[in-house]
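# Geometric and topological summary
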Protein chains: 2
Amino acid sequence: MTDPSDAPATVTAGMVIIGNEILSGRTQDLNVAFVAKELNAIGIQMLEVRVVPDITHEIVAAVNALRTKFDYVFTTGGIGPTHDDITAEAVAAAFGKEATYHPKSYAILEATMIRRGIEFTDARKRMALTPEGAEAIENELGVAPGFRIENVFVLAGVPLVAQAMFRAAAPLLRRGRTKRSRSIATRLAEGTIAAGLEAIQHAYAEADVGSYPFYNAPGGHGTTLVVRSFHESDLLGAGDAILKLISDLKGEALSDERS
Amino acid sequence: MTDPSDAPATVTAGMVIIGNEILSGRTQDLNVAFVAKELNAIGIQMLEVRVVPDITHEIVAAVNALRTKFDYVFTTGGIGPTHDDITAEAVAAAFGKEATYHPKSYAILEATMIRRGIEFTDARKRMALTPEGAEAIENELGVAPGFRIENVFVLAGVPLVAQAMFRAAAPLLRRGRTKRSRSIATRLAEGTIAAGLEAIQHAYAEADVGSYPFYNAPGGHGTTLVVRSFHESDLLGAGDAILKLISDLKGEALSDERS
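Residues numbered from 1 in each chain as written. Chains lettered and ligands numbered in written order. Predicted model: local features only at pLDDT ≥ 70, side-chain atom pairs only at ≥ 80, totals over all residues.

## Quick look at the overall build of chain A
A count of helices and strands for chain A gives nine helices and twelve strands. With the C-alpha coordinates of chain A rotated into their principal frame, the extents come out at 70 × 50 × 35 Å. A buried classification covers 52% of the 259 residues belonging to chain A. (Helix = DSSP H or I, 4+ residues; strand = E, 2+ residues; numbered from the N terminus. Buried ≥ 20, exposed ≤ 12 C-beta atoms within 10 Å, placed from the backbone.)

This is the structure in structure tokens:
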């Protein structure tokens, strides 16, 4: 038995996607999947996402709901230089603070503009706005920094920039227990495997046993069974029980992968 | 002047994405963009999305928050035959109802199973579960129906199936005023165009004037300026003002598209 106090705790996160362009269908969000995977790899469980429009009180409500519910919140979108970029002010409002120019972000931006021979307009200065007390999150792309205030991390909306900012923020995050997964694919239909799978879920109550049908994949239809757990013993036990179930049902495991 | 009572009203929607597989990053959601675009085309504005895990009280809370806030709610995911498919029960609970077998859905499922020579197991019968009083939403793929209860539409998670169900549900929706959009792309940077763009937003207060940078696109970086409005006059006026702004800034409009 490991002393529970030595074990890393469960660490949780939520995400707020700020963008009319996602809600209108103009832009396909790619940031949720990226951030979810990265968090997962360092033992942080993403448990909720909200997509909200570019409206201050909606951003404030979503940030406040999730920052009190989870250990961390990541926002994407709305930190550029144009009038529709209102995330810094909205996140400041969520914390009851003013947004002001962050000295370090301002200096980075100014240096970037001088280097590129671009005028440092009032609009571009807006990219240095952060809630009072926030910390800048620089990024290797050399563009406007994101920022962190308490447990809220504010990232850009453009995926390449969001990814660079996330990588810069990751070392600031407390790592938790890592959930690992084992995925087993079969041609058996969900309805065929459901009863046996439910019994396996009951036997491994701390694991998440999921079932995901696939259609028109190369080679035809089928089901992927996924076991996710903090415990290696669940991946072994529930995974092997799934292999036996597939075999008992005269099916075949097409793949058996860990991640 | 048109009598305002003759004009179609603004119709709004929210969406609840049910799925651990989206929150873990295993699966890239494609349903938000699809539903958003389809709704947009029939004059329904999507104003919020929540992604929640396969946990009953989280689904109940999200459905209840959005069904009271918007005209319609669409859910995707969790309506298959396996133990992790809990959407029907959760949506029933959100309405204070029980989930029971829907006679028509049950009959469709049973006929499908007989036709395909598949056993109609208890697990497969689960796909006929709906809240009492719900209406089945059949689909051209001939698989388990989705359902509607009051203003909540419950669709499958697999995109092809969700799309078929949405198309079947669309005729049941009240159409609202259609927001149209005009998108103008330029190589000018956001920071260059920001001040002029803000003035245009102020001049056309009922339009949404958005600015979206693009990177590493064929031909290089730039910005897409988007005007969205219920009024054709805004698309003409604000759009032409953007063209003039680009020209005044010695830039060039790369494209000018309506949708």
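From this point, things continue past the structure.
## Things to note about the relation of the copies chain A and chain B
The two copies are related by a screw motion: chain A maps onto chain B through a turn of 180° and a shift of 0.0 Å along the axis, at an RMSD of 0.0 Å. Those values place the two copies in the arrangement expected of a two-fold rotation axis. Relative to the rotation axis, the closest C-alpha in chain A is found at Arg50 of chain A, a distance of 2.2 Å. A high fraction, 100%, of the interface residues of chain A reappear at the interface in chain B, so the copies pair face to face through one surface. (Least-squares fit on C-alpha atoms with pLDDT ≥ 70 in both. Contact = placed C-beta atoms within 7 Å.)

## Some thoughts on the pairing of strand β3 (residues 72-76) of chain B
Residue and element names in this part refer to chain B. Of all five residues that make up β3, five are buried, and the element is covered over most of its length. Taking every second residue as pointing to the same face, both faces of β3 are buried, with Tyr72, Phe74 and Thr76 on one and Val73 and Thr75 on the other. Judged from the five bridges that link them, strand β1 (residues 11-18) and β3 form a sheet pairing that is parallel. If you follow Ala13 over to β3, its bridge partner there is Tyr72. Bridging between β3 and strand β8 (residues 152-155) involves four bridges; their strand directions are parallel. When the sheet's bridge partners are listed, Phe74 is paired in β8 with Phe153. (Pairing = 2+ DSSP bridges.)

## Observations concerning the domain arrangement of chain A
By a widespread convention, an interface's size corresponds to the accessible area lost as its parts come together. Segmentation of chain A into domains returns domain 1 (4-172) and domain 2 (180-258). Here domain 1 of chain A and domain 2 of chain A have C-alpha centroids that lie 37 Å from each other. (Domains from an automatic or database assignment.)

## Overview of the interface of chain A and chain B
Across the contact, 46 residues belong to chain A and 46 residues belong to chain B. Mapped by element, the contributors of at least two residues to the side of chain A that touches chain B are α1 (20-23), α2 (31-41), β2 (44-52), α6 (122-125), α8 (190-203) and β10 (208-217) of chain A. Broken down by class, the residue content of the side of chain A that touches chain B amounts to 21 nonpolar, 13 polar and twelve charged. Where β2 of chain A meets strand β2 (residues 44-52) of chain B, three bridges bridge the pair, whose relative direction is antiparallel. Bridging across to β2 of chain B, Arg50 of chain A finds its partner in Arg50 of chain B. (Nonpolar A, V, L, I, M, F, W, Y, C, P; charged D, E, K, R; others polar.)

## Here's the deal with the sheet that holds strand β8 (residues 152-155) of chain A
Neighbouring strands of a sheet are bound in pairs by backbone hydrogen bonds; such pairs are parallel or else antiparallel. Strand order in this open sheet of twelve strands is β6(A)-β7(A)-β8(A)-β3(A)-β1(A)-β2(A)-β2(B)-β1(B)-β3(B)-β8(B)-β7(B)-β6(B), and the pairing throughout is mixed. With one partner strand each, in any of the chains shown, β6 (135-137) of chain A together with β6 (135-137) of chain B form the two edges of the open sheet. Strand-to-strand twist in this sheet, taken as the mean axis angle between neighbours without regard to direction, amounts to 20°. (Axes fitted to C-alpha atoms, helices over the stretch in contact; angles between N-to-C directions.)

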